[in-house]
Amino acid sequence: MATWADFAAAEPLLATAIRTLVCQYGPGLGYLATVRPDGGPRIHPVSPVITDEALFCFVLPSPKRHDLDRDGRYSLHSFPGTDSDDEAYLSGRAWRVTSDSVIARLAREMRAAPGVDWKLYELTVDLAMLVRHEAPATSTRTVWKARPDHIPRARHNGPCAAAADSVQ
C-alpha cells in the first residue's frame, strides 16, 4: 500500500488528473464504499481532503466509520462531472489519524466544526484508476497499482458493450 504522496511521486500526471476530478467542484467530493460486517458493500457521499502528503477524510459517527474502524478497506469514486463523464477511482485501506498536530492543522484548514464527534482517517492507495470517455461508447482507462512490478498503462476500450471493465 502507498500513501498519496508515494502514489503522486510515482505517477504525478495520473495523481493530478485524479485530484482534479475529485476536487472539480472546489472541495473534494466522492462516493466512499466501505465493507459492512456481513461483507456487503456500503456507499456514502464524502468530502475527501487531498493534500500534497496524503489523502484524508473526516468521518462523523456512522456505519461507515464503524466499517473503517473494523475493516479499513475502502473504495472512493469521484462525483460525476458536469462537462464530461470522466471518472476517478481509488481503493486501499483507511487508518485513523492519531497525530494531534495533523488533526488540528487539517481541522483548521478545512474549517471542521469544533465540538463535533468527527474522526480523521488517512486513505492509502493500493489502486488508482482514471477513465477518460473520449467519444460515445469509447474510453481510455489508466490503472496504477501499488506493486513494485506493476507498470501503469492506458488501455483503450471500444464500444461499451464489448469493453471488459476489470481492473484486476
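Details of the structure are given in the entry above.
All values derive from a computational prediction rather than experimental measurement.

Draft legend 1. Representation of helix α3 (residues 63–70) within the structure. Here α3 has its buried residues at K64, R65, D67 and L68. Around the axis of α3, the buried residues are gathered within 155° of arc, so they sit on the same side. Looking at the buried residues of α3, the elements they touch are β1 (30–35), β2 (41–46), β4 (55–59), β5 (73–78), β6 (87–96) and β7 (119–123). Positive backbone phi, at 90°, marks G72, one or two positions downstream of α3.

Draft legend 2. How the structure looks around the nonpolar core. In terms of nonpolar packing, the biggest core is built from 27 residues, with W4, F7, I18, Y74, L90 and V125 touching the most fellow members. If you list the elements that add at least two residues to this core, you get α1 (4–10), α2 (12–22), β4, β5, β6, β7 and β8 (127–135). With 6 residues, α2 is the single largest residue contributor to this core. Here Y74 is in contact with L32, A33, L55, L68, L90, S91, G92, R93, A94, L123, T124 and V125, once residues within four sequence places are set aside. Counting 10 residues, the second-largest nonpolar core is a separate cluster that includes V49, A54, L106 and L120.

Draft legend 3. Representation of the environment of Y121 in the model. With respect to the secondary-structure elements, Y121 resides in strand β7. Under the relative-accessibility criterion, Y121 is labelled buried at 1%. C-alpha of Y121 to C-alpha of I103: the two residues are 18 residues apart in sequence and 9.4 Å apart in space. Apart from residues no more than four positions distant in its own chain, Y121 is found in contact with L55, F56, C57, V59, R65, L68, D69, A94, W95, R96 and V97. Of the polar contacts made by the side chain of Y121, one reaches the side chain of D69; its length is 2.6 Å.

Draft legend 4. Broad picture of the environment of A2. Mapped onto the elements, A2 comes out in the segment before α1. For A2 and L127, which are 125 residues apart along the polypeptide, the C-alpha to C-alpha distance reads 9.0 Å. Among residues more than four places away in sequence, those in contact with A2 are F7, T124, V125, D126, W144 and A146.

Draft legend 5. Representation of the pairing of β6. Bridge count between β5 and β6: 5 bridges; the pairing is antiparallel. Bridge pairing in β6 places S75 opposite S91. Pairing of β6 with β8, which is carried by 5 bridges, proceeds in the antiparallel orientation. Bridging from a neighbouring strand, L90 pairs with A128 of β8. In the sheet, β6 pairs with β7 via 3 bridges, with the strands oriented antiparallel. Following the sheet pairing, W95 is matched in β7 by E122.

The rules behind the values
Residues numbered from 1 in each chain as written. Predicted model: local features only at pLDDT ≥ 70, side-chain atom pairs only at ≥ 80, totals over all residues. Heavy atoms only, no water. Buried < 20%, exposed > 50% of the residue type's maximum accessible area, 1.4 Å probe, protein only. Helix = DSSP H or I, 4+ residues; strand = E, 2+ residues; numbered from the N terminus. Arc of directions from axis to C-beta. Contact = heavy atoms within 4.5 Å. Core = buried A, V, L, I, M, F, W, Y, C linked by side-chain atoms within 4.5 Å. Polar contact = N/O pair within 3.5 Å; in protein donor to acceptor, adjacent residues only side chain to side chain. Pairing = 2+ DSSP bridges.

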